[in-house]
Amino acid sequence: MSPSASAERIDVHQHIVPAFYRDELAKAGIADAGGRSLPDWSAESALRLMDLLGTTTSIVSVSTPGTGFLTEPADAADLARRLNDHCAALATHHADRFGFFATLPMPDSDASAAEAARALDDLRADGVTLLANNRGTYLGAGGQDALWQTLNDRGAVVFVHPAELPAPPVDGIPAFAADFLLDTTRAAYLLVRNGVPRRYPNVRFILSHGGGFVPYASHRMALTIANDTARSPLDVLDDFRSFYFDTALSSSPAALPTLLAFARPGHVLFGSDWPFAPIPAGQYFASGLDDNLARDVLNAVNRANAEALFPRLAATSPTPPPVPPGPVRLRRAAQRTAARLVFKLVQPSTE
């Protein structure tokens with residue numbers, strides 16, 4: 001049996017696209033997110049993907065544009081409530097398979113603080129989702145203290161997801177392919193530059209997609225911030241290393257060693273980015289983990305690190321999914337084998 005078949009993964013980067021949210025986006029003329037068409041979504045299709053990748057629990061979130069496409073604050077707050085109520089119902093109906101990160105109506109910090117309190121206290125959300133920028137206002141900018149204090153008081157987990165850059169796109173470069181990585185990096189830079197992790201140490205941040213460019217450019221950015229703020233570069237690097245990172249689309253032989261070398265032990269978490277990342281992409285990058293990590297590191301990335309961050313997931317043993325019929329098992333095994341073969345075939349030659 002391949003590692004992914006029995007991995008018991010916890011996926012911290014999986015998205016949900018409810019029908020009513022798709023309708024709201026359509027009313028605003030939005031048919032894609034970051035240059036990728038809005039994918040179909042259902043709980044049933046999510047569970048099939050999870051079973052294929054060996055995922056026992058997924059913490060779902062709403063991707064870009066969140067509620068930021070609505071310019072009326074009251075409309076954005078109402079949509080955030082509806083999305084969070086929907087996610088809470090999903091998590092209740094499939095208690096052993098789904099959790100959720102609450103959507104907040106940013107850039108309204110006060111409204112977002114109020115919805116964060118409701119979602120965390122009443123709906124038992126696992127954390128909150130914050131886009132790296134909301135209509136051009138980045139995380140870490142001024143005026144967000146009410147939100148950070150609310151999250152800090154609750155020791156909340158913040159899942160930072162990229163959005164489209166507040167600049168015209170470049171023809172031929174889809175936002176999800178490159179701009180998303182810069183967007184996450186910008187947010188991380190500003191959070192550290194303006195001291196948010198230091199002033200609100202109980203907030204745990206997860207940076208999507210391996211942190212964008214953060215691990216690769218961390219020392220360059222630390223020296224710049226240190227020069228700008230008269231802080232020690234080591235302190236700045238320590239703040240960058242306080243972040244958690246997910247592996248969504250980021251477990252290639254080029255990216256994964258840099259991420260693991262930079263991140264603190266226990267700070268790398270499994271992510272798939274489904275359904276925006278299609279099933280073959282999920283299998284491809286899951287194979288990157290299964291075939292290139294030592295067993296103890298793989299187990300930590302797949303599950304143990306997330307259990308430490310979300311203690312409720314460690315409170316009970318994961319419930320294995322139902323055993324599918326023989327033909328389904330054979331088909332999934334063939335899919336996994338094909339994904340691992342493709343992963344190996346497309347790696348650059350070392351000759």
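Residues numbered from 1 in each chain as written. Predicted model: local features only at pLDDT ≥ 70, side-chain atom pairs only at ≥ 80, totals over all residues. Heavy atoms only, no water.

Novice: Explain the overall build of the protein to me, please; I cannot follow it from the model alone.
Specialist: Each helix and strand counted, the protein has 13 helices and 12 strands in total. Per-residue burial over the protein gives 55% buried out of 351 residues. In the protein, the share of contacts with a sequence separation of at least 24, taken over all contacts with a separation of at least 6, comes to 79%. When the accessible surface of the protein is totalled, it reaches about 15,100 Å², and 56% of it is carbon and sulfur. (Helix = DSSP H or I, 4+ residues; strand = E, 2+ residues; numbered from the N terminus. Buried < 20%, exposed > 50% of the residue type's maximum accessible area, 1.4 Å probe, protein only. Contact = heavy atoms within 4.5 Å. Areas by Shrake-Rupley, 256 points an atom, 1.4 Å probe, with all protein chains shown as cover.)

Novice: Explain the packing of helix α4 (residues 109–121) against helix α5 (residues 145–153) here, please?
Specialist: The packing of two helices is summarised by the inter-axis angle and the distance between the axes. Look at α4 against α5: their axes get within 7 Å of each other, and the N-to-C directions meet at 15 degrees. Taken as axis vectors, α4 and α5 run roughly parallel relative to one another. For α4 against α5, the interelement crossing comes out right-handed. For the pair α4 and α5, contact is made by Ser109, Asp110, Ser112, Ala113, Ala116, Ala117 and Leu120 and by Asp145, Ala146, Leu147, Thr150 and Leu151, respectively. Along the lines of polarity and charge, the residues of the contact of α4 with α5 split into seven nonpolar, three polar and two charged. (Axes fitted to C-alpha atoms, helices over the stretch in contact; angles between N-to-C directions. Parallel < 35°, antiparallel > 145°, perpendicular 65-115°, else oblique. Left-handed = near helix turned anticlockwise from the far one by under 90°. Nonpolar A, V, L, I, M, F, W, Y, C, P; charged D, E, K, R; others polar.)

Novice: Looking at this structure, I do not really get the packing of aromatic side chains. What am I missing?
Specialist: Counted under the stated rule, the structure contains eight aromatic pairs. Look at Phe101 and Phe159: their rings are 5.2 Å apart centre to centre, the planes differ by 10 degrees, and that puts the pair in the stacked class. Note that Phe101 is positioned in strand β5 (residues 98–103) and Phe159 in strand β9 (residues 157–161), a separation of 58 residues in sequence. Using a relative accessible area of 1% as the deciding quantity, one classes Phe101 as buried. Pairing Tyr284 with Phe285 gives two aromatic rings, centres 4.9 Å apart and planes at 80 degrees, and the pair type is edge-to-face. For the pair Tyr284 and Phe285, a shared accessibility class is recorded, and that class is buried. Three or more aromatic residues joined by ring pairs make a cluster, and in this case those are Trp148, Phe205, Phe240 and Phe243. Stacked on the ring of Phe270, the Lys or Arg Arg9 has its end atom at 4.8 Å from the ring centre. Directly above the aromatic system of Phe176 lies the positively charged group of Arg36, at a separation of 4.1 Å from the ring centroid. (Phe/Tyr/Trp six-rings, centres within 6.5 Å; stacked < 30°, edge-to-face > 60°. Lys NZ or Arg CZ within 6 Å of the ring centre and 35° of its normal.)

Novice: Help me understand the sheet that holds strand β10 (residues 204–207), please; the structure alone is not making it clear to me.
Specialist: By definition, the strands of a sheet pair up through backbone hydrogen bonds, in either a parallel or an antiparallel sense. Taken in spatial order, the eight strands make up an open sheet running β1-β4-β5-β6-β9-β10-β11-β12, and their pairing is parallel. Of all strands in the sheet, those with a lone pairing partner are β1 (9–15) and β12 (268–269), marking the two edges. Bridge count for strand β4 (residues 55–61) against β5 is three bridges, and the pairing is parallel. Residue pairing in the sheet places Ile59 in a bridge with Gly99 of β5. Across the face of the sheet, helix α2 (residues 43–53) comes into contact with β1, β4 and β5 while running at roughly 135 degrees to β4. (Pairing = 2+ DSSP bridges.)

Novice: Would you mind going over the environment of Ser287 with me for this structure?
Specialist: Among the structural elements, Ser287 can be located in helix α11 (residues 279–290). In the structure, Ser287 is positioned 35 residues away from Ser252 in sequence and 9.1 Å away in space, judged by C-alpha atoms.

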